[in-house]
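The residues making up each chain are set out below.
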Amino acid sequence: MAYAPSRPNPALPPVRVNLYSDTQTRPSLAMKEAMMRADVGDEQNGDDPTVNALCDRMAALTGKEAAVFLPSGTMCNQISIAVHCRPGDEILAHEASHIVTNEGGGPGALAGAVVLGLRGNRGMFDVPTMRAAFREKRRNAPPQTLLSVEQTANLGGGSVWKLDALNAVLDAAHDWGMATHMDGARLMNAVVAAGVPASDMAARCDSVWLDFTKGLGAPLGAVLCGSSAFIDQAWRWKQRLGGALRQAGLSAAGCLYALDHNIDRLAEDHANASALARGLAQVPGIVVETPETNLVFFDVKGTGMTADELAGRARGQGVSVSVMSAYRVRACTHLDVDRAGVDLAIQVIRDCMPK
Ligand SMILES: *Cc1c(COP(=O)(O)O)cnc(C)c1O
């Protein structure tokens, strides 16, 4: 078992359509020009004007008092957990959420918190499921101090919590004395898909963050938002983990460019994802989960191939998709994939089917 990412295999043809992830977006020339022109300063002294401008914009966008610039979304999640929880505390989150599946056991390793994974369709859960997980407040029970929700829910299928359902679980958590956290890696995809402002989506969340390195197309950066008191404590963890930066305005300028230019266009990614889903649904044996945003999940069991086999064959034809489990595949649309790319990917996947 290899723990490090492998290098590209030179025997493979170049990737023509990269549906592997929206993390593979490259900064455009215009974004790089904005980065090149950025005013910068020493970020950890509060002296970087571009980072400060980005944090002000993000606080306003999410309707929070304050914000802090961080290198990655994972650090936003882990710092939030460390601020909200003490060692021994329990976090409620969907069992397929990123903090459970993809952060190296961070809640246990860094904050000393445990996660109780909740079940539910498409990465979401309801109030009865949460209530069933509430523990009587006894000396021998772990204190339940944090509810974490993903908007959109990644492994749930890029699904969007409806505002009512979202607010219901957030209110139930507050009533139970818990803090609430939103992993908004793809929050703007949810905002564009639902037509609900980010500040409404995050109104009942004590902390919320947005990743700039997914569909927004920036090379580096995420911004965590919350009350001034929360962000003060987040800064101590930023310093502690080595996430306090120097001339980070170079990166923040890419994020500001993304806020100005790359949000409305997410609707194109969603339309491309729908087109991809419609095309794949016509391939015999493939069962597609109807996409709500830019992530298309499909099951290939009925084709007689495993997800690995299909992904390997498609990659051999220049189409990159990601394997999620034995038969589940994810294809992700983003700003470096146009409709012609989607059509080509459908054709290639059709051609990969056993004859
Ligand atoms: C990508 C992602 C993260 C982590 O963000 P990084 O910037 O890759 O560290 C967290 N949560 C969700 C739902 C994600 O998709």
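Cut-offs and rules
- Residues numbered from 1 in each chain as written.
- Predicted model: local features only at pLDDT ≥ 70, side-chain atom pairs only at ≥ 80, totals over all residues.
- Heavy atoms only, no water.
- Helix = DSSP H or I, 4+ residues; strand = E, 2+ residues; numbered from the N terminus.
- Rg over C-alpha atoms; globule rule 2.2 N^0.38 Å.
- Buried < 20%, exposed > 50% of the residue type's maximum accessible area, 1.4 Å probe, protein only.
- Contact = heavy atoms within 4.5 Å.
- 1 Å grid on protein atoms, 1.4 Å probe; cavity = no way out; pocket = protein on both sides within 12 Å on 5 of 7 lines; lining within 4 Å.
- Points joined across faces, edges and corners; volume = space filled by probe spheres on them.
- Nonpolar A, V, L, I, M, F, W, Y, C, P; charged D, E, K, R; others polar.

(A) Quick look at the overall build of the chain. Along its length, the chain carries 14 helices and 13 strands. The C-alpha atoms of the chain give 21 Å as radius of gyration, which agrees with the globular expectation for 355 residues (20 Å, within 12%). For the chain, the C-alpha atoms occupy an extent of roughly 60 × 55 × 40 Å along the three principal directions. Taking all 355 residues of the chain together, the buried fraction comes to 53%. A separation threshold of at least 6 residues defines the contact pool for the chain, and within that pool the share at least 24 residues apart is 73%.

(B) Inspection of empty space enclosed by the protein at higher detail. For the structure shown, the criterion picks out two cavities of 30 Å³ or more. Of the pockets and cavities examined, the largest cavity occupies roughly 50 Å³. Every residue lining the largest cavity is listed: His-94, Ala-96, Ser-97, Gly-123, Ser-148, Val-149, Glu-150, Ala-153, Asn-154, Leu-155 and Gly-156. With three residues, strand 5 (residues 144-150) is the single largest residue contributor to the lining of the largest cavity. Across the lining of the largest cavity, the residue classes tally to four nonpolar, six polar and one charged.

Treat this as a map of the structure, not an account of what it does.
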